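Structure at a glance
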Amino acid sequence: MVMVFYGSNGKSNPVSMENKVEHQTENQITYDIHLPSDLGTLYKVRLGLQSLENNISQLSLHHFKIQNTSTLDTFNLTINKTLPLSPNGDRWIEFPIQWPLKEALSVVTYHLTVFSRNILNERNLVHMTACIYGTHGDTGDRSLLQSLKNVQQGEKNESFLVIVDAVDLGELEKIVLLISSKTDCKLDIKKLHVQEAAKNHPVYVFEVDEEFSVNANKPKIQREIPRSFVIRGEQQKNDIDNNLNKEGSQAKKLTEYTIKVYTGDKRGAGTDANVHIILFGNEDKSEVFQLSHSLEHQNPFERGKVDTFKIKTKNLGNLRSIEIGHDGKGFASGWFLEKVEITEAARNSMHCFNCNRSVDQSIITLYTLFSF
């Protein structure tokens, strides 16, 4: 059994339950746990079974208590659950920590729908996990193929539902897939949808459109899938669900763009704020994209750095302009933007948008300087 603790400043490494305190009472075990001081105020705990083997014994959990030995602040919770939660099911549970005079987050049931072409035929040969990241933390690696629900199969498409219980993740940002197998196999994954079970929307859409080949030379594949867009309305959701079962001309093809953002090389040029962008073409405009997952740097938009982002959106035609801005959040939110370069993969064309000025919290519009 291991635990992961989440604080206002980050999360701990998995903590193994080994350091037991002596003189235990029946059916009660106490552990001394030393957490990094820079975690900040704890707000949630993920507790589970580290082993992924199917033959592990069950673990019944009745009560949880944690106490800060310095301040003596104490949190108690009645659990009454057994891990795994179901035969071959989830091996993790999460719960928020309610400290005195502090508001706690709630536990949310998420529906993760996987759209693919062949996973159902390969599911006994492969192991696949997903870790969902949001503004309030992540779910850790959750198994996707242990207990499938609402399985639907069409002539060329298939989908299945995975239920994940987690402390409220806030706005969802990305999903990290981990695929492994002891034999050769290929998984063709189209996209992932995530929404709260109690709500019809928003639906967070993560476009994948990739075939993963696992073999002896590459027994594990990890892929980070940034959020593509968010479906806010019911009609939008129905339109997209209908298109999943249609092939050919009725299905809109997505266009991939590579966005390079150049931050100026001068004092105070970088920013910790959340940057977003909208692309405008002569035929249409894109949705709002959050530029949060740089391909080069963990912390994007630092002084003198170039950050690359990949997005997929509908066909916009010839790019004419962009809107770019940020929310002003973070310790250092001021940002000196040098330029933005956008390459369209399908046309192999590159467009340059010069800025060379500071960007405050408002959105600025940049027009293409040149393209080739």
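Residues numbered from 1 in each chain as written. Predicted model: local features only at pLDDT ≥ 70, side-chain atom pairs only at ≥ 80, totals over all residues. Heavy atoms only, no water.

1. So, the overall build of the protein chain
Assigned secondary structure in the protein chain consists of two helices and 27 strands. By residue count, 43% of the 372 residues in the protein chain fall in the buried class. Intrachain contacts of the protein chain at a sequence separation of at least 6 include 66% that bridge at least 24 residues. For the protein chain, the accessible area works out to roughly 20400 Å², and carbon and sulfur atoms hold 44% of it. (Helix = DSSP H or I, 4+ residues; strand = E, 2+ residues; numbered from the N terminus. Buried < 20%, exposed > 50% of the residue type's maximum accessible area, 1.4 Å probe, protein only. Contact = heavy atoms within 4.5 Å. Areas by Shrake-Rupley, 256 points an atom, 1.4 Å probe, with all protein chains shown as cover.)

2. What about the layout of surface pockets?
There is about 1500 Å³ of room inside the second largest pocket. Every residue lining the second largest pocket is counted, 39 residues in all, and those nearest its centre are Tyr31, Phe64, Lys65, Ile66 and Gln67. Those elements that place two or more of their residues in the lining of the second largest pocket are β1 (2-7), β4 (42-48) and β5 (59-67). The element contributing the most residues to the lining of the second largest pocket is β5, with nine residues. (1 Å grid on protein atoms, 1.4 Å probe; cavity = no way out; pocket = protein on both sides within 12 Å on 5 of 7 lines; lining within 4 Å. Points joined across faces, edges and corners; volume = space filled by probe spheres on them.)

3. Some thoughts on the packing of aromatic side chains
Any two aromatic rings considered together are summarised by their centre-to-centre distance and by the angle between their planes. Taken as a whole and judged by the stated rule, the model has four aromatic pairs. Stacked on the ring of phenylalanine 336, the Lys or Arg lysine 266 has its end atom at 4.1 Å from the ring centre. (Phe/Tyr/Trp six-rings, centres within 6.5 Å; stacked < 30°, edge-to-face > 60°. Lys NZ or Arg CZ within 6 Å of the ring centre and 35° of its normal.)

4. Overview of the pattern of salt bridges
In this structure the tally under the stated criterion is 14 salt bridges. Across the pair glutamate 171 and arginine 227 runs a salt bridge, and its minimum N-O distance is 3.6 Å. One end of the pair, glutamate 171, is in the loop between β13 (158-167) and β14 (172-181); the other, arginine 227, is in the loop between β17 (220-226) and β18 (229-231), with 56 residues separating them in the sequence. Salt bridges linked by common partners bring Lys11, Lys44, Arg46, Glu94, Asp138 and Arg142 together as one network. (Salt bridge = Lys/Arg side-chain N within 4 Å of Asp/Glu carboxyl O.)

5. Overview of the nonpolar core
Formed by 34 residues in total, the largest nonpolar core has its most connected members in Leu144, Ile175, Ile189 and Leu192. Broken down by secondary-structure element, the contributors of at least two residues to this core are β8 (107-116), α1 (119-122), β9 (126-134), β13, β14, β15 (185-196), β16 (203-214) and β17. Not counting the four nearest positions on each side in its chain, isoleucine 189 is found in contact with Val114, Phe115, Ser116, Ile119, Met128, Leu177, Ile179, Val208, Asp209, Glu210 and Phe212. The next biggest cluster of nonpolar side chains, apart from the first, holds 24 residues, and it includes Ile259, Val275, Leu279 and Val340. (Core = buried A, V, L, I, M, F, W, Y, C linked by side-chain atoms within 4.5 Å.)

6. Observations regarding the sheet that holds strand β23 (residues 319-326)
In a beta sheet, neighbouring strands are held together by backbone hydrogen bonds and run either parallel or antiparallel to one another. Spatially, four strands are ordered β21-β20-β23-β26 in an open sheet, and the strand pairing comes out antiparallel. With partners counted over all chains shown, the strands left at the sheet margins are β21 (289-290) and β26 (364-367), one partner each. Note: strand β20 (residues 275-281) against β21, two bridges, orientation antiparallel. Paired with isoleucine 277 across the two strands is phenylalanine 289, which belongs to β21. (Pairing = 2+ DSSP bridges.)

7. A look at the environment of proline 84
Looking at the element boundaries, proline 84 is found in the loop between β6 (74-83) and β7 (92-96). Overall, the relative accessible area of 11% leaves proline 84 in the buried class.

8. Some thoughts on the pairing of strand β24 (residues 335-344)
Taken across its ten residues, β24 has eight buried, putting it largely inside the fold. Here β24 folds back onto strand β25 (residues 349-359), and the loop between the two strands holds four residues, one of which, asparagine 348, carries a positive phi near 55°.

9. Remarks on unusual backbone geometry
The phi angle of most residues is negative, glycine excepted, and most peptide bonds adopt the trans form. With an omega of 5°, the peptide bond between histidine 201 and proline 202 qualifies as cis. Along the chain, proline 202 falls in the loop between β15 and β16. In the Ramachandran plot, asparagine 80 falls in the positive-phi region, its phi being about 55° despite a non-glycine side chain. Relative to the helices and strands, asparagine 80 resides in strand β6. Of note, aspartate 209 is a non-glycine position whose phi angle comes to about 50°, a positive value. Relative to the helices and strands, aspartate 209 is located in strand β16.

10. Some details on the environment of asparagine 354
Topologically, asparagine 354 is positioned in strand β25. Spatially, the C-alpha atom of asparagine 354 lies 7.9 Å from that of tyrosine 367, the residues being 13 residues apart in sequence.

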